[in-house]
Amino acid sequence: KNGNFYAKGVLKNATPGQDYTMCIDGGGCVTVTANANGRAKHKFTTSAGAHTISVEECGLSRDTTCE
């Protein structure tokens, strides 16, 4: 989009109201708060290529590719 690439991290089944640390490629971390349905998300602006989005408190991570 307009020369930028985006990778969206989505956490499901989290504890409502709880804060979580979501990171891309081991850095660029942000704090997200789970909503009343236990979902938290963040859209990272990034470069093309392979990336890993992780949630530090849960030990979860997922790989994605921006093209």
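Residues numbered from 1 in each chain as written. Predicted model: local features only at pLDDT ≥ 70, side-chain atom pairs only at ≥ 80, totals over all residues. Heavy atoms only, no water.

What follows covers the overall build of the chain. When its secondary structure is counted, the chain shows zero helices and six strands. Compactness check: the chain gives a C-alpha radius of gyration of 12 Å against a globular reference of 11 Å for 67 residues, within 12% of the reference. Considered along the principal axes of its C-alpha atoms, the chain spans approximately 35 × 25 × 15 Å. When the 67 residues of the chain are sorted by exposure, 28% land in the buried category. The contacts of the chain with a sequence gap of at least 6 include a subset with a gap of at least 24, amounting to 47%. A total of about 4,500 Å² of accessible surface is found on the chain, and carbon and sulfur atoms cover 43% of it. Side-chain charges of the chain comprise 7 positive and 6 negative groups, with the mean position of each set lying 13 Å from the other. (Helix = DSSP H or I, 4+ residues; strand = E, 2+ residues; numbered from the N terminus. Rg over C-alpha atoms; globule rule 2.2 N^0.38 Å. Buried < 20%, exposed > 50% of the residue type's maximum accessible area, 1.4 Å probe, protein only. Contact = heavy atoms within 4.5 Å. Areas by Shrake-Rupley, 256 points an atom, 1.4 Å probe, with all protein chains shown as cover. Lys, Arg positive; Asp, Glu negative; His and termini not counted. Charge placed at Lys NZ, Arg CZ, Asp CG, Glu CD.)

Turning our eyes to something else, we now look at the state of the cysteines. According to the stated counting rule, one finds one disulfide in the structure shown. Each sulfur in the disulfide pair Cys 23 and Cys 29 lies 2.0 Å from the other. Given an S-S torsion of about 105°, the disulfide between Cys 23 and Cys 29 has right-handed geometry. Overall, the relative accessible area of 1% leaves Cys 23 in the buried class. (Disulfide = S-S within 2.5 Å.)

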